[in-house]
Amino acid sequence: AVPRTRILATGGASHNEKILQVLSDVFNAPVYTIDTANSACLGSAYRAIHGLVAETGVSLAEVVKLAPEPRLAVTPTAGVEEV
């Protein structure tokens, strides 16, 4: 089975629930956010950690499992797929 699509929103616009709702409705998918001020830096840090442990065979997916869980921000409006 194909996993359901979910959107992870970061940055300044991720604090605007109306923008997140539009994303959710357009893509008919739930939108999640993370409480990180600078997500680009966070991503770079995880890649750096992965680079340090790459010789041990640890995958990037394993490194990223250490990240905090995203928080569900909004879900698609009921009936949006009909529109």
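Up top is the structure.
Please read all numbers here as calculations on a predicted model, not as lab measurements. (Residues numbered from 1 in each chain as written. Predicted model: local features only at pLDDT ≥ 70, side-chain atom pairs only at ≥ 80, totals over all residues. Heavy atoms only, no water.)

> Any chance you could break down the environment of Asn 38 for me, citing the residues and the numbers?
Checked against the element boundaries, Asn 38 lands in the loop between strand S2 (31-33) and helix H2 (39-53). The spatial distance from the C-alpha of Asn 38 to the C-alpha of Gln 21 is 22 Å, given a sequence separation of 17 residues. (Helix = DSSP H or I, 4+ residues; strand = E, 2+ residues; numbered from the N terminus.)

> Could you give an account of the packing of aromatic side chains, naming the residues involved and the relevant values?
Scanning the model with the defined rule gives zero aromatic pairs in all. A cation over a ring is seen here: Arg 6 above Tyr 32, with NZ or CZ 4.8 Å from the ring centre. (Phe/Tyr/Trp six-rings, centres within 6.5 Å; stacked < 30°, edge-to-face > 60°. Lys NZ or Arg CZ within 6 Å of the ring centre and 35° of its normal.)

> So what's going on with the pattern of salt bridges? Which residues, and what values?
This structure, assessed with the given rule, holds one salt bridge. A salt bridge links Lys 65 to Glu 62, with the shortest nitrogen-to-oxygen separation between them at 3.2 Å. On the accessibility criterion, Lys 65 (60% relative accessible area) is exposed. (Salt bridge = Lys/Arg side-chain N within 4 Å of Asp/Glu carboxyl O. Buried < 20%, exposed > 50% of the residue type's maximum accessible area, 1.4 Å probe, protein only.)

> Which residues make up the environment of Val 53, and what values go with them?
Position of Val 53 among the secondary structure elements: in helix H2. According to the relative accessible area criterion, Val 53 is partly exposed, its value standing at 27%. C-alpha separation for the pair Val 53 and Gly 12, spaced 41 residues apart in sequence, amounts to 32 Å. In contact with Val 53, other than residues within four places in its own chain, are Val 58 and Val 63. (Contact = heavy atoms within 4.5 Å.)

> Outline unusual backbone geometry, supporting the account with residue identities and numerical values.
In this structure, Asn 28 takes a positive phi of about 50° despite not being glycine. Position of Asn 28 relative to the elements: it lies in the loop between helix H1 (17-27) and S2. Judged by its relative accessible area of 35%, Asn 28 is partly exposed.

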